[in-house]
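# Structural overview for review
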Amino acid sequence: MTYQQYYNKLVKDLTNSERKLINQKQLKGKKGYGQQDLHTYIDLCNDVYSLVKKCEHVLKLIADGQVNAHDKVDPAVLPGVVDA
């Protein structure tokens, strides 16, 4: 997988996570979230934040010229990338 492909995958995952987060926000009733819904909402917020940070990191690497968009992903450069 190249850095460009990885970035595109992150953007797709981010879009899906944001959609799930919006749907979860719509479940909030007049009294707020139930315990389970609150945990789901927090997990979704964390997913979105994590994906945004990963996107920013990959984009910064490419923009700063540290990697080429068509290079294969190096797990040493992107900690936490398992499926590279």
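What this report covers is the structure whose coordinates are included nearby. Counting of residues starts from 1 at the beginning of each chain's written sequence and follows it residue by residue. Restriction of local features to residues with pLDDT of at least 70 applies here, the model being predicted, together with a cutoff of 80 or more for giving and counting side-chain atom pairs; totals for whole chains, interfaces and linings are based on all residues. Values reported for side chains reflect all heavy atoms of the structure, with hydrogen atoms and water molecules removed beforehand.

Take helix α1 (residues 3-26) next. Over its 24 residues, α1 runs 35 Å from end to end, which matches the ideal 34 Å to within 8%, given 1.5 Å per residue. For α1, the full list of buried residues reads Tyr3, Tyr6, Leu10, Leu14, Ser17, Leu21 and Gln24. On its buried side, α1 packs onto α2 (35-63). Only DSSP runs of H or I covering at least 4 residues are called helices, and only runs of E covering at least 2 are called strands; the numbering of each starts at the N terminus. Every helix has an expected span of 1.5 Å times one less than the residues it contains. Using a 1.4 Å probe on the protein chains alone, a residue whose accessible area is under 20% of its type maximum counts as buried, one over 50% counts as exposed, and one in between counts as partly exposed. Only heavy atoms matter for contacts: two residues are in contact if any of them lie within 4.5 Å across the pair.

Grouped together as the largest cluster of nonpolar side chains are 14 residues, with contacts concentrated most on Tyr3, Tyr6, Leu10, Val58, Val73 and Leu78. Here this core takes 6 residues from α2, the largest share from any one element. Those residues in contact with Tyr3 that lie beyond four places of it in its chain are Val58, Ile62, Val67, Asn68, Ala69, Asp71, Lys72, Val73, Asp74, Val77 and Leu78. Nonpolar core, defined: a set of buried Ala, Val, Leu, Ile, Met, Phe, Trp, Tyr and Cys residues in which side-chain atoms within 4.5 Å join the residues together.

The subject of this paragraph is α2. Two residues of an α-helix separated by three or four positions point the same way, owing to the 3.6 residues in each turn. Spanning 29 residues, α2 covers 42 Å between terminal C-alpha atoms, matching the ideal 42 Å at 1.5 Å per step. Within α2, the full set of buried residues consists of Leu44, Val48, Leu51, Cys55, Val58 and Leu61. Of the surrounding elements, those touching the buried residues of α2 are α1. Gly65 lies just past α2 and shows a positive phi near 80°.

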